[in-house]
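Analysis of the macromolecular model
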Amino acid sequence: MHNLHLFSLLLSYPTPDLQAVCSEIRERLAADPALPRDTVRRLHPLLTRLAASDIYAAQEAYVELFDRGRSHSLHLFEHVHGESRDRGQAMVDLRQRYLDAGLEPAGNELPDYLPLFLDYCSTLSEAAARETLAEPGVVLVALAARLAERGSDYAPLLALLCEIAEVEQDEEAQKALSPVDDPDDLETLDAQWAEEEIRFTADAAPDPGASCPQVSAILDRMYDPAPATKRPRN
């Protein structure tokens, strides 16, 4: 599903280049028969805002939503492993999965960054992409629900990813992740981040603040995939 790359762009940090291609993204999404028929209608508010907003306002809104708290973080493993060593090893394994597929992650983003994961999924066949996208389905469902509760125009995009992955979006799934209390002020938030660091080793006790073992087991498939979801190295 090559157009998952377009979802990746829309979930990335806004730039003038992204604003310039919003019309093209709209056209390509509308022309993709593999996507739900109402995809463009549901993404219209997001596409319109990104294209028309002052770029600094769009960037500030993005940081406020996704980076100044944990409940809407686009780093998938953070919702399951927190900042424990388990998360570090999971990211090492996920990066290796990208490399095994012949992909070399660029930039400074961690491997569990959702736009990067979507780029990986976009290189797979339609069936494999749906299967792979479903692996972190519990996180996608929770993010869609949390963003909808906040009234964000990113919520329909996450809901569409859930539909593409064919994962249930019922109330139980929406509440599968442990709730997160994000600080209300930047000083407290900065102090919280300063107290923690990511350790890229595996031998550590589970993070007491992480989600339940059932959720962790679901995401285990992301960095220990079945052979059918991998592509051979070119």
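Structure shown above.
Now for a description of the structure that goes with this document. Residue numbers here run from 1 along each chain, matching the order of that chain's written sequence. Local features in this predicted model are restricted to residues whose pLDDT is 70 or higher, and side-chain atom pairs enter the listing and the counts only when it is 80 or higher, whereas totals over whole chains, interfaces and linings include all residues. Hydrogen atoms and water are omitted, and side-chain values are computed over all heavy atoms in the structure.

1. Side note on unusual backbone geometry
- At Glu-166, a position not held by glycine, the phi torsion is positive, near 60 degrees.
- If you trace the backbone, Glu-166 turns up in the loop between α11 (155-165) and α12 (171-174).
- Residue classification places Glu-166 among the exposed positions, given a relative accessible area of 62%. Runs of H or I in DSSP of at least four residues are treated as helices and runs of E of at least two as strands, each being numbered from the N terminus. Relative accessible area decides the class of each residue, using a 1.4 Å probe on protein chains only: under 20% of the type maximum gives buried, over 50% gives exposed, and in between gives partly exposed.

2. A closer look at the packing of helix α10 (residues 137-150) against α11
- Every angle, taken between N-to-C directions, lies between 0 and 180 degrees, and every axis is a line fitted to C-alpha atoms, over only the stretch in contact when it is a helix. Remark: α10 packs on α11, axes separated minimally by 8 Å, with the N-to-C direction vectors making an angle of 155 degrees. The pairing of α10 with α11 is recorded here as roughly antiparallel in orientation. As for the relative orientation of α10 and α11, their crossing is left-handed in sense. On the side of α10, the interface is formed by Leu-140, Val-141, Leu-143, Ala-144, Leu-147 and Ala-148, while α11 contributes Ala-155, Leu-158, Ala-159, Leu-161 and Cys-162.
- Residue classes in the contact of α10 with α11 are distributed as eleven nonpolar, no polar and no charged. Just so you know how the angles are binned, under 35 degrees is roughly parallel, over 145 roughly antiparallel, 65 to 115 roughly perpendicular, and the rest oblique. A clockwise turn of the near helix away from the far one marks a right-handed crossing, whereas an anticlockwise turn of less than a right angle marks a left-handed crossing. Contacts between residues were defined by any pair of non-hydrogen atoms, one from each residue, lying within 4.5 Å. Here the term charged refers only to Asp, Glu, Lys and Arg, the term nonpolar to Ala, Val, Leu, Ile, Met, Phe, Trp, Tyr, Cys and Pro, and the term polar to all other amino acids, Gly among them.

3. Section: α10
- The terminal C-alpha atoms of α10 lie 20 Å apart, and with 14 residues this matches the ideal 20 Å at 1.5 Å per residue to within 8%.
- Most of α10 sits inside the fold, with ten of its 14 residues counted as buried.
- Where α10 ends, the next residue or the one after it, Gly-151, has phi of about 80 degrees, a positive value. Each residue after the first adds 1.5 Å to the expected span of a helix.

4. Considerations on the environment of Ser-23
- In this fold, Ser-23 is placed in helix α3 (residues 22-30).
- On the basis of relative accessible area, Ser-23 is assigned to the partly exposed category, the value being 49%.
- Here the alpha-carbon distance between Ser-23 and Leu-47, two residues 24 residues apart in the chain, equals 8.0 Å.

So, to be careful, I would describe these as geometric facts and stop short of saying anything about function.
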